[in-house]
Amino acid sequence: MKITKVRARVFEWKGHTVTPTPHFCSNAMDELWDKGDSMGTFRFHGWTTVEIETDTGLVGLGNVALAPRIAKAIIDQYLAPLVIGQDPFDYEYLWQRMYRATHAWGRKGIGMAAISGVDIAIWDLMGKAVNQPVFKLLGGRTKEKIPCYASKLYRTDLKSMQQEAQSYLDQGFKAMKMRFGYGPKDGPDGMRENLRSVAAVREVIGEDIDLMLECYMGWNLEYAKRMLPRLERFQPRWLEEPVIADDIDGYAELNQLTSIPISGGEHEFTHYGFRQLLEKRAVSVIQYDTNRVGGITAARKINAIAESFSVPVIPHAGQMHNYHLTMSTLASPMSEFFPVHDVEIGNELFYYLFEGDPEPVNGFLDLDDDTPGLGLSLNERYFDQFTIIE
Ligand SMILES: O=C(O)[C@H](O)[C@H](O)[C@@H](O)CO
Ligand SMILES: [Mg+2]
């Protein structure tokens, strides 16, 4: 089998989006004195799809969710020429070709996200070629079903957050993640608001439901050191991305500070990046996203390293490219799940772009043993809601 064409398309949402509200989610921009919509650059309302065609007629489907137009340019100009004419089953060689050829600028960030999109399409192709689901090529079914946690609860009025939390309980979820709305700039009042929101959600869900807390890089080390002891009484499953991704020593200090596990990784790249996080004991939960970290080829290597450190892997984003990895390894106990809802932050765009993602039932997802590849196809029903750039 030979790759004959790589088609990268950008899908930019032009449908309805939920109006952003203040203190929606703390984030890396909050440290600045800028006014206005600090979450603006973290709304992902565009996506790049990658379709790899072969001389057998099989087509593999991948995706990239960061800086879509840049990802497409990288794929068209740099990556496609490196894989066209090649055998997709030489996936390690092709990954190394893309990684080394773009090493001057692509080993982290959007360069590696673009490589991820091509790599995911290659794995979809291989699964289709041997008529097996991708997880069967990685390690097979290690779980009867995949436990998943409901991930939304962005900061709003406490009553609405409590109603949303209750709705996840009613759907049978045994775990859920909420977002903080305040950080260092908001002083003691902001701290009180952060603690009140956690108390309000805990009041609804009780002690037996796992509650994860998301900072999305919106705090700093000093603020996180003050907040963590105040949060211990809520027994969170983890505190996520308290500081910016480059503050690895800050992560490590926080991860040893209290009984609260620190999680991170959705803004880290390749097995080299995760080796550093693990060697420094910077995180107690790894959260790469397969469409950023280096695709399935890199993610499976990280799974093996994490297993040797006994650090669980719970990938960022509930999406098929991550589910197959979680199914294939005991190192990954559960998945994130983004409840389908109006387009807000952009995570939910995946459901408007693709068909095939499994629906959770009572807090569990399952993958089909008989669906080859990743089991995804483009959802043409919503194409008119997107501006499509070929
Ligand atoms: O962990 C997550 O789900 C991500 O950090 C979110 O996608 C991001 O939008 C912040 O909530
Ligand atoms: Mg996160």
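These numbers come from a predicted model, not from an experiment.

Participant: Break down the nonpolar core for me, citing the residues and quoting the values.
Facilitator: Formed by 122 residues in total, the largest nonpolar core has its most connected members in Leu-231, Leu-239 and Ile-286. At eleven residues, helix α3 (residues 110–129) tops the list of elements feeding residues into this core. Leu-239 has contacts with Phe-180, Leu-213, Cys-215, Trp-219, Leu-228, Leu-231, Ile-260, Pro-261, Ile-262 and Ser-263, leaving out every residue within four places of it along the chain. Of all hydrophobic cores here, the second largest spans seven residues; its members include Tyr-149, Val-285, Ile-314 and Met-334.

Participant: Residues and numbers for the packing of helix α9 (residues 270–279) against helix α11 (residues 295–309), please.
Facilitator: At a minimum axis separation of 9 Å, α9 and α11 run at an interaxial angle of 15°. Viewed along their axes, α9 and α11 adopt a mutual orientation that is roughly parallel. Of the two possible hands of crossing, α9 and α11 adopt the one that is right-handed. Between α9 and α11, the contacting residues are Thr-270, His-271, Phe-274, Leu-278 and Glu-279 on the first element and Ala-298, Lys-301, Ile-302, Ile-305, Ala-306 and Phe-309 on the second.

Participant: Tell me what's going on with the coordination of the magnesium ion (ligand 2), and back it up with residues and numbers.
Facilitator: With distances of 1.9 to 2.1 Å, the protein atoms coordinating the magnesium ion (ligand 2) are Glu-214 (OE), Glu-240 (OE) and Glu-266 (OE). Each donor residue of the magnesium ion (ligand 2) belongs to the same chain, with the gaps between them written as E-x25-E-x25-E. With Glu-214 in strand β6 (residues 210–214) and Glu-266 in the loop between β8 (262–264) and α9, the pair connects residues that are 52 residues apart, well separated along the chain. Just as Glu-214 is buried, Glu-266 falls in that class too.

Participant: Can you lay out the pairing of strand β3 (residues 59–64) for me, pointing to particular residues and giving the numbers?
Facilitator: Across the six residues of β3, five count as buried, placing the element largely inside the fold. One ladder, built from six bridges, connects strand β2 (residues 46–54) with β3; its direction is antiparallel. Across the sheet, the residue bridging to Val-50 is Gly-62, located in β3. The hairpin formed by β2 and β3 contains four residues between the paired strands, and Gly-57 there has a positive phi angle of roughly 90°.

Participant: Lay out the site of ligand 1 with the relevant residues and their values.
Facilitator: Taken together, 13 residues surround ligand 1, and among them Tyr-154, Lys-177, Glu-214, Glu-240 and Glu-336 come closest. At a separation of 2.8 Å, an oxygen atom of ligand 1 approaches a polar side-chain atom of Glu-240. Isolated, ligand 1 exposes 300 Å² of accessible area, and the fraction of that covered by the protein chains is 99%. For the shell around ligand 1, a count of residues per class yields four nonpolar, three polar and six charged.

Participant: Account for the packing of aromatic side chains, with residues named and values stated.
Facilitator: Per the stated rule, a full pass over the model turns up 20 aromatic pairs. A ring pair is formed by Tyr-99 and Tyr-272, whose centres lie 6.2 Å apart and whose planes are at 10°; its orientation type is stacked. Of the two residues, Tyr-99 sits in helix α2 (residues 91–101) while Tyr-272 sits in helix α9, which places them 173 residues apart along the sequence. Note on Tyr-99: relative accessible area 8%, which makes it buried. Note that Arg-292 overlies the ring of Phe-44, its terminal NZ or CZ placed 6.0 Å from the centroid. Looking at Lys-301, its charged tip hangs above the ring of Trp-95, at a distance of 5.4 Å from the centre.

Participant: Break down the side chain of Asn-379 for me, citing the residues and quoting the values.
Facilitator: When you line up the elements, Asn-379 lands in the loop between β13 (377–378) and β14 (386–389). Setting aside anything within four residues of it in sequence, one finds Asn-379 in contact with Tyr-351, Tyr-352, Leu-353, Phe-354 and Glu-355.

Participant: Quick one: what's the story with the pairing of β2, residue by residue and with numbers?
Facilitator: Summarising burial for β2: eight of the nine residues are buried, a large majority. Here strand β1 (residues 3–13) runs beside β2; their pairing, made up of nine bridges, is antiparallel. By the bridge assignment for β2, Val-10 is matched with Thr-48.

Participant: Now, about the environment of Val-201: what can you tell me, with residues and values included?
Facilitator: The residue Val-201 is located in helix α6 (residues 187–205) in this model. Once residues within four sequence positions are removed from consideration, Val-201 is found in contact with Leu-153, Met-161, Ala-165, Met-178 and Leu-211.

Participant: For the UniProt feature "domain: Mandelate racemase/muconate lactonizing enzyme C-terminal" (unreviewed entry) in the protein, give the residues involved together with the corresponding values.
Facilitator: Summarizing the sequence annotation, UniProt attributes the feature "domain: Mandelate racemase/muconate lactonizing enzyme C-terminal" (unreviewed entry) to residues 158–261 in the numbering used throughout. Taken end to end, residues 158–261 is 51% helix and 12% strand, and its first and last C-alpha atoms sit 25 Å apart.

Participant: Can you break down the packing of helix α5 (residues 158–170) against α6 residue by residue, with the values?
Facilitator: One can describe the packing of α5 onto α6 by two numbers: an axis separation of 9 Å at closest approach and a directional angle of 35°. Considering the relative orientation of α5 and α6, their crossing is right-handed. Contact residues: α5 offers Leu-158, Met-161, Gln-162, Ala-165, Gln-166 and Leu-169, while α6 offers Arg-196, Ser-197, Ala-200, Val-201, Glu-203, Val-204 and Ile-205. Classifying every residue of the contact of α5 with α6 gives eight nonpolar, three polar and two charged.

Participant: Now, about α3: what can you tell me, with residues and values included?
Facilitator: When the terminal C-alpha atoms of α3 are compared, their 29 Å separation across 20 residues agrees well with the 28 Å that a helix rising 1.5 Å per residue should span. Burial analysis of α3 places 17 of its 20 residues in the buried class, which makes it a mostly covered element. At the exit of α3 stands Asn-131, carrying a positive phi of roughly 60°.

Participant: An account of the pattern of salt bridges is needed here, citing residue identities and associated values.
Facilitator: For side chains of opposite charge, pairing can occur when their charged atoms come near one another. Under the counting rule described, the total for this entry stands at 29 salt bridges. One salt-bridge network, in which partners are shared between bridges, spans Lys-177, Arg-179, Glu-214, Glu-240 and Glu-336.

Participant: Can you explain the state of the cysteines? Please cite residues and give values.
Facilitator: Simply put, disulfide is the name for a covalent bond between the sulfur atoms of two cysteines. The final tally for this structure, using the stated rule, is zero disulfides. Cysteine Cys-215 remains unbridged, with the sulfur of Cys-25 as its closest cysteine sulfur at 8.8 Å.

Parameters and conventions
- Residues numbered from 1 in each chain as written.
- Chains lettered and ligands numbered in written order.
- Predicted model: local features only at pLDDT ≥ 70, side-chain atom pairs only at ≥ 80, totals over all residues.
- Heavy atoms only, no water.
- Core = buried A, V, L, I, M, F, W, Y, C linked by side-chain atoms within 4.5 Å.
- Buried < 20%, exposed > 50% of the residue type's maximum accessible area, 1.4 Å probe, protein only.
- Helix = DSSP H or I, 4+ residues; strand = E, 2+ residues; numbered from the N terminus.
- Contact = heavy atoms within 4.5 Å.
- Axes fitted to C-alpha atoms, helices over the stretch in contact; angles between N-to-C directions.
- Parallel < 35°, antiparallel > 145°, perpendicular 65-115°, else oblique.
- Left-handed = near helix turned anticlockwise from the far one by under 90°.
- Donors = N, O, S within 2.8 Å, 3.2 Å for Na, K, Ca; no water.
- Pairing = 2+ DSSP bridges.
- Near = heavy atom within 4 Å.
- Polar contact = N/O pair within 3.5 Å; in protein donor to acceptor, adjacent residues only side chain to side chain.
- Areas by Shrake-Rupley, 256 points an atom, 1.4 Å probe, with all protein chains shown as cover.
- Nonpolar A, V, L, I, M, F, W, Y, C, P; charged D, E, K, R; others polar.
- Phe/Tyr/Trp six-rings, centres within 6.5 Å; stacked < 30°, edge-to-face > 60°.
- Lys NZ or Arg CZ within 6 Å of the ring centre and 35° of its normal.
- UniProt positions renumbered as here; feature names shortened; annotations may be inferred.
- Expected span 1.5 Å × (residues − 1).
- Salt bridge = Lys/Arg side-chain N within 4 Å of Asp/Glu carboxyl O.
- Disulfide = S-S within 2.5 Å.

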